[in-house]
Amino acid sequence: MEAETRRIVTALGDINVDLGFVLPHFPREGDDNPATAVHWGGGGSGLNMAVAVGRLGAIPYVIGRVGNDLAGSFALQTARMHGVQVSAVQVDPSAATGLCGIVVTPSGQRSFLSFRGANVYCDASTLTPSLIRSSKMLLVGAHALLDDPQRSAVLQAMEMAIEQRCLIALDLCLPAVRVARRLIVRLLPQLWLLTMNEDELRALLPGQSVAQALDSLIGSGVRYVAIKRGAQGCSVASADGRRLDVLPPAVTVVDTTACGDAFSAAYAWGLAHGLDLSQSATLANLMGALTATRHGAVEAIPSSAEIRSRLSPMIAARLWPENP
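Quick summary incoming for the structure in this document. (Residues numbered from 1 in each chain as written. Predicted model: local features only at pLDDT ≥ 70, side-chain atom pairs only at ≥ 80, totals over all residues. Heavy atoms only, no water.)

1. Focus on the state of the cysteines
In step 1: According to the stated counting rule, one finds zero disulfides in the structure shown.
In step 2: Free of any disulfide, Cys-122 has its nearest neighbouring cysteine sulfur in Cys-173, separated by 15 Å. (Disulfide = S-S within 2.5 Å.)

Next comes the structure, spelled out in structure tokens:
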């Protein structure tokens, strides 16, 4: 089957430059807080997921938009340095590159202050049927559903993916659930995979438990669902009736900034390569947990060697068959 031989994965979502501050406690309004550390690097859900799936053996492409500025040049350089193909990235002549300020507290929990900038103006001009046709998966970061023309580009890409039999995975975010909940609900039957954390779950399906939500989402037509639950790992479900809770490895959490993106990309790649629910969840938990052990987003995502050293030989052989 053609899809089984595909290694290209296309991620459609935000491309940012992140500036992170490590603080002794979350600031109060009007306060003056000294940071204990600062870091900056590449980020955004589109770029993070592309880098993560590339670590697992994919040929990652990212579709997005950056500004014609120093931040945009840095973001593109970072993407290339981490093996991401950027031929489908647009450069905006006037809007600034997206920037994300990140506050990280001692528990490792992150809070975002996001300026989406050029991301919003990503249009369908670099969407090509040939790229979607050659892709095993289309990974969509839900921030891209917030505003047009980026939202319209996502919907067009999803239509292409359906026509080309390309798997569609959507990773939710709180702003998208708040602003575009009805759209997300309408898209559910088109999704091969839906991932979210517990806050996003509560916003999408208020009043439902994790178990109830899994049943509701599968009943809506999604083939696979994964709920990211931090230190509790994840709860996953599939359309054939399987349900599973999987605990993560024990790590020292430093910064949770890109954990969710790394988890979602890994879970999608595992399922697409024939891993069962438990194995895919184990892989995704490992990716998310290792990402949490260092500061940053793109720079925090673990290397292929680091991932393989922590996986069972059976899972590693399925993901990297040429070098079992």
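Continuing now.
2. Some thoughts on the nonpolar core
In step 1: Counting residues in each nonpolar core, the largest one holds 56 residues, and the members touching the most others are Met-137, Leu-139, Trp-192, Tyr-267, Leu-283 and Met-287.
In step 2: Here the element with the most residues in this core is helix α9 (residues 259-272); it accounts for nine residues.
In step 3: Residues Leu-12, Ala-157, Leu-205 and Val-225 belong to the second largest nonpolar core, which totals 48 residues. (Core = buried A, V, L, I, M, F, W, Y, C linked by side-chain atoms within 4.5 Å. Buried < 20%, exposed > 50% of the residue type's maximum accessible area, 1.4 Å probe, protein only. Helix = DSSP H or I, 4+ residues; strand = E, 2+ residues; numbered from the N terminus.)

3. Re the pairing of strand β9 (residues 167-171)
In step 1: With four of five residues buried, β9 is to be regarded as a mostly interior element.
In step 2: Tracing the backbone out of strand β8 (residues 135-141), into helix α5 (residues 150-163) and back to the parallel element β9 gives a crossover that is right-handed.
In step 3: By the bridge criterion, three bridges tie β9 to strand β10 (residues 193-197) in an arrangement that is parallel. Bridge assignment links Asp-171 to a residue of β10, and that residue is Thr-195. (Right-handed = clockwise from strand over helix to strand, strands pointing away. Pairing = 2+ DSSP bridges.)

4. Describing the packing of helix α2 (residues 45-55) against α9
In step 1: Contact pair α2 / α9: the axes reach a minimum separation of 8 Å and the direction vectors enclose 45°. For the element pair α2 / α9, the angle class is oblique. Once α2 is placed against α9, the crossing between them reads as right-handed. Contacts between α2 and α9 involve Ser-45, Asn-48, Met-49, Ala-52 and Val-53 from the first element and Asp-261, Ala-262, Ala-265 and Trp-269 from the second.
In step 2: In terms of residue class, the contact of α2 with α9 is made up of six nonpolar, two polar and one charged. (Axes fitted to C-alpha atoms, helices over the stretch in contact; angles between N-to-C directions. Parallel < 35°, antiparallel > 145°, perpendicular 65-115°, else oblique. Left-handed = near helix turned anticlockwise from the far one by under 90°. Contact = heavy atoms within 4.5 Å. Nonpolar A, V, L, I, M, F, W, Y, C, P; charged D, E, K, R; others polar.)

5. Brief notes about the sheet that holds strand β5 (residues 89-92)
In step 1: Strand order across the open sheet formed by nine strands is β5-β4-β1-β8-β9-β10-β11-β12-β13, with mixed pairing between neighbours. Sheet topology places β5 and β13 (243-246) at the edges, where each strand pairs with a single neighbour. When the angles between neighbouring strand axes are averaged without regard to direction, this sheet yields 15°.
In step 2: One ladder, built from five bridges, connects strand β1 (residues 8-12) with strand β4 (residues 59-67); its direction is parallel.

6. Focus: the sheet that holds strand β2 (residues 16-22)
In step 1: Read across the sheet, four strands follow the order β3-β2-β6-β7 without closing on themselves; strand pairing throughout is mixed. Both outer strands of the open sheet, β3 (37-43) and β7 (110-115), are each paired with one neighbouring strand and no more. Recorded for the sheet is a direction-independent mean angle of 20° between the axes of neighbouring strands.
In step 2: The pairing of β2 with β3 spans seven bridges and is classified as antiparallel. Bridging across to β3, Leu-19 finds its partner in Trp-40.

7. Considerations on α9
In step 1: Across its 14 residues, α9 extends 20 Å between first and last C-alpha, which sits within 8% of the 20 Å expected from 1.5 Å per residue.
In step 2: Extensive coverage of α9 is indicated by the burial of 13 of its 14 residues. (Expected span 1.5 Å × (residues − 1).)

8. Quick look at the pattern of salt bridges
In step 1: Summed over all chains, the structure comprises 12 salt bridges.
In step 2: Residue Lys-228 pairs with Asp-171 through a salt bridge whose shortest N-O separation is 2.8 Å. Linking Lys-228 in strand β11 (residues 224-228) with Asp-171 in strand β9, this pair joins segments that are 57 residues apart in sequence.
In step 3: The closest approach of N and O atoms between Arg-229 and Glu-198, which form a salt bridge, is 3.3 Å. Taken together, the residues span a long stretch of sequence, with Arg-229 in the loop between β11 and β12 (234-238) and Glu-198 in helix α7 (residues 198-204) at a distance of 31 residues.
In step 4: Because the salt bridges share partners, they merge into one network encompassing Asp-14, Arg-116 and Asp-147. (Salt bridge = Lys/Arg side-chain N within 4 Å of Asp/Glu carboxyl O.)

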